[in-house]
Amino acid sequence: MTIQWYPGHIAKAEKALKEQLKRVDVVLEVRDARIPSSTALLLAHPQVPEWVGDKGRVLVLNRQDMISRQVQTLWAEWFAAQGSAVYFTNAKLGKGIKVLAAAATAAGAAMNQRRRDRGMLPRPVRAVAIGFPNVGKSALINRLLGRRVVESAARPGVTRQLRWVRISKEIELLDAPGVIPAKLDDRDAAFKLAICDDIGQASYDNQLVAAELVELLKQLDDEVNSLDAVRGRYELDPREIAGDEYLQALAQLRYQGDVERTARQLLTDFRKGQLGAHGLELPPPIQT
Ligand SMILES: Nc1nc2c(ncn2[C@@H]2O[C@H](COP(=O)(O)OP(=O)(O)OP(=O)(O)O)[C@@H](O)[C@H]2O)c(=O)[nH]1
Ligand SMILES: [Mg+2]
């Protein structure tokens with residue numbers, strides 16, 4: 001499954017983002033903690049790295065609550081071994097927000113030092129949250145502000161306009177729409193983005209994506225990513241059969257043979273965390 005889907009509003013938003021990035025000191029790169037590799041916008045998008053240039057960067061893995069402690073530790077260790085700081089957040093409940101705000105302010109401190117060196121007064125650090133759709137950028141901004149100012153909801157493509165908000169005398173934040181590359185060639189990444197709802201619904205087939213979800217959960221089944229919640233919820237064990245067969249069987253058992261409805265239900269349950277905490281991507285082994 002290659003995804004070639006690029007709605008007009010994203011093209012428009014990208015143009016505005018490129019313009020606004022000129023005014024920005026710090027980039028908060030927000031990723032989905034369930035799929036930190038597939039939501040690495042700066043690696044996936046051909047132009048974004050150029051727009052970001054040498055601005056301060058803060059890496060955020062949001063949706064911390066949707067992965068297990070063990071998976072979080074694996075990623076934290078991996079990023080530490082790369083020499084990168086990483087901030088885990090739960091923007092829904094407001095966890096990890098204070099340290100993130102401090103990191104963003106610190107990443108912009110160099111800018112004010114340069115201003116002082118030139119005899120200019122300091123100004124607030126300007127930071128932007130960028131990432132794929134629906135990873136939680138707006139929720140994070142609301143948490144950083146301490147109140148609900150920008151719209152945030154459980155579907156991709158909620159933020160349509162770029163919007164600056166002032167957090168404090170130290171920092172101003174820009175909420176930007178989710179960005180996607182014009183073409184997603186990496187089949188596995190495309191599936192995972194669809195599974196996690198980090199790309200628009202219009203771009204994929206629910207049944208293919210749900211079958212892939214079952215396959216992925218089967219592959220990952222171990223003490224870190226257990227299938228117990230899936231088995232418990234549907235009373236049907238996916239271990240012995242292929243993902244698409246599971247979908248068919250579940251449709252017969254529960255949904256009067258309606259496979260499309262079954263696929264949507266599986267995806268919804270997964271996205272609501274009702275199939276348990278699943279890190280769909282684990283870091284590569286650390287080279288020592
Ligand atoms: N469980 C959980 N849900 C989260 C978290 N962060 C955000 N959400 C939810 O995810 C949904 C999407 O959040 P948004 O803030 O709208 O995401 P966004 O990245 O701004 O999305 P676009 O504007 O569409 O690009 C909302 O329903 C949030 O409540 C989190 O850490 N954990
Ligand atoms: Mg948003």
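For clarity, every value in this text was computed on a predicted model and none was experimentally measured. Sequence order sets the numbering: in each chain, residues are counted from 1 along the sequence as written. Lettering for chains starts from A, numbering for ligands starts from 1, and both go in the order in which the items are written. The predicted nature of this model means local features are confined to residues of pLDDT at least 70 and side-chain atom pairs, given and counted, to a pLDDT of 80 or more, with totals for whole chains, interfaces and linings taken over all residues. Just so you know, side-chain values use all the structure's heavy atoms and leave hydrogens and water out.

**A few points about the sheet that holds strand E1 (residues 26-32)**
A pair of strands is considered paired only if DSSP assigns at least 2 bridges between the two. Strands here mean DSSP runs of E at least two residues long; helices mean DSSP runs of H or I at least four residues long; both are numbered from the N terminus. Read from one edge of the open sheet, six strands run E3-E2-E1-E4-E6-E5, paired in mixed fashion. Each end of this open sheet is capped by a strand with a single partner; those strands are strand E3 (86-89) and strand E5 (163-166). Across this sheet, the average inter-strand angle for adjacent strands is 25 degrees, counted without regard to direction. Taken together, the four bridges between E1 and strand E4 (residues 125-130) define a ladder with parallel strand orientation. Counted as the bridge partner of Leu28 is Ala129 from E4. Against the sheet, helix H4 (residues 69-81) makes contact with E1, strand E2 (56-62) and E3, and its axis sits at roughly 160 degrees relative to E3, the strand it touches most. Angles shown run from 0 to 180 degrees and are taken between the N-to-C directions of axes, each axis being a line fitted to C-alpha atoms and, for helices, limited to the stretch in contact. Contact between two residues is taken to exist if any of their heavy atoms lie within 4.5 Å; hydrogens are not considered.

**A short note on the site of ligand 1**
Near ligand 1, the surroundings consist of 23 residues, among which Asp65, Lys137, Ala139, Gly157 and Thr159 are the closest. The backbone of Gly136 places a nitrogen or oxygen atom 2.9 Å from an oxygen atom of ligand 1. Within the contact set of ligand 1, an oxygen atom lies 3.1 Å away from a backbone nitrogen or oxygen of Gly178. Protein coverage of the free-state accessible area of ligand 1, which is 660 Å², stands at 92%. With three residues, helix H7 (residues 137-145) is the largest single contributor of residues to the shell around ligand 1. Following the grouping adopted for this structure description, the nonpolar residues are Ala, Val, Leu, Ile, Met, Phe, Trp, Tyr, Cys and Pro, the charged ones are Asp, Glu, Lys and Arg, and the polar ones are all others, Gly among them. Residue classes in the shell around ligand 1 are distributed as eight nonpolar, ten polar and five charged. Only heavy atoms are used to decide nearness, and a residue is near a molecule or strand if one of them lies within 4 Å of it. In protein, a polar contact means a hydrogen-donor-capable atom and an acceptor-capable atom, both N or O and within 3.5 Å, with residues adjacent in sequence counting only if both atoms are side-chain atoms; elsewhere, any N or O pair within 3.5 Å suffices. Residue burial considers only the protein chains on display, and all accessible areas are found by Shrake-Rupley using a 1.4 Å probe.

**A closer look at the coordination of the magnesium ion (ligand 2)**
Around the magnesium ion (ligand 2), the protein contributes the donor atoms Ser138 (OG) and Thr159 (OG1), which lie 2.0 to 2.1 Å from the metal centre. Residue Ser138 is located in helix H7, and its partner Thr159 is located in the loop between H7 and E5; the two are separated by 21 residues in the primary sequence. Neither Ser138 nor Thr159 differs from the other in exposure class; each is buried. Ligating atoms shown are N, O and S within 2.8 Å of the metal, or 3.2 Å for Na, K and Ca, and water is not included, meaning a site may look less than complete. Only protein chains enter the area calculation, which uses a 1.4 Å probe; residues under 20% of their type maximum are buried, those over 50% are exposed, and those in between are partly exposed.

**Some details on the pattern of salt bridges**
A carboxyl oxygen of Asp or Glu within 4 Å of a side-chain nitrogen of Lys or Arg is what we treat as a salt bridge. Going through the model one piece at a time under the given rule, you end up with 19 salt bridges. Between Glu215 and Lys218 there is a salt bridge, with its nearest N and O atoms 3.3 Å apart. Remark: Lys218 and Glu215 occur in helix H9 (residues 206-220); sequence separation between them is three residues, near one turn of the helix. By sharing partners, the salt bridges in this structure join Asp228, Arg231, Asp237 and Arg239 into a single network.

**Regarding the domain arrangement of the protein chain**
Looking at the protein chain, the domain boundaries give domain 1 (8-175) and domain 2 (205-271). Computed over C-alpha atoms only, the centres of domain 1 and domain 2 are separated by 33 Å. Remark: the boundary between domain 1 and domain 2 carries zero salt bridges. Counting across the domain 1 and domain 2 interface gives zero residue pairs in polar contact (both at pLDDT 80 or more). In terms of residue class, the side of domain 1 that touches domain 2 is made up of two nonpolar, two polar and one charged. In this entry, domain limits derive from an automatic or database-based domain assignment.

**Observations concerning helix H8 (residues 187-195)**
Counting buried positions over the nine residues of H8 gives seven, a clear majority of the element. Tucked inside the fold, the buried residues of H8 contact H9 and helix H12 (259-271). Between the side-chain oxygen at the start of H8 and the backbone nitrogen of Asp188 there is a gap of 3.1 Å, and the oxygen is on Asp186. Positive phi shows up at Asp197, right after H8, with a value of about 65 degrees.

**Regarding the environment of Phe88**
Locating Phe88 in the fold gives a position in strand E3. Phe88 has contacts with Leu61, Gln64, Ile67, Gln72, Trp75, Ala76, Lys95 and Gly96, leaving out every residue within four places of it along the chain.

**A word on unusual backbone geometry**
The backbone of Arg63 shows a phi angle near 70 degrees, a positive value even though the residue is not glycine. Summarising the element assignment, Arg63 is placed in the loop between E2 and H4. Unlike most non-glycine residues, Gln256 shows phi in positive territory, near 45 degrees. Tracing the backbone through its elements, the reader meets Gln256 in the loop between helix H11 (243-254) and H12.

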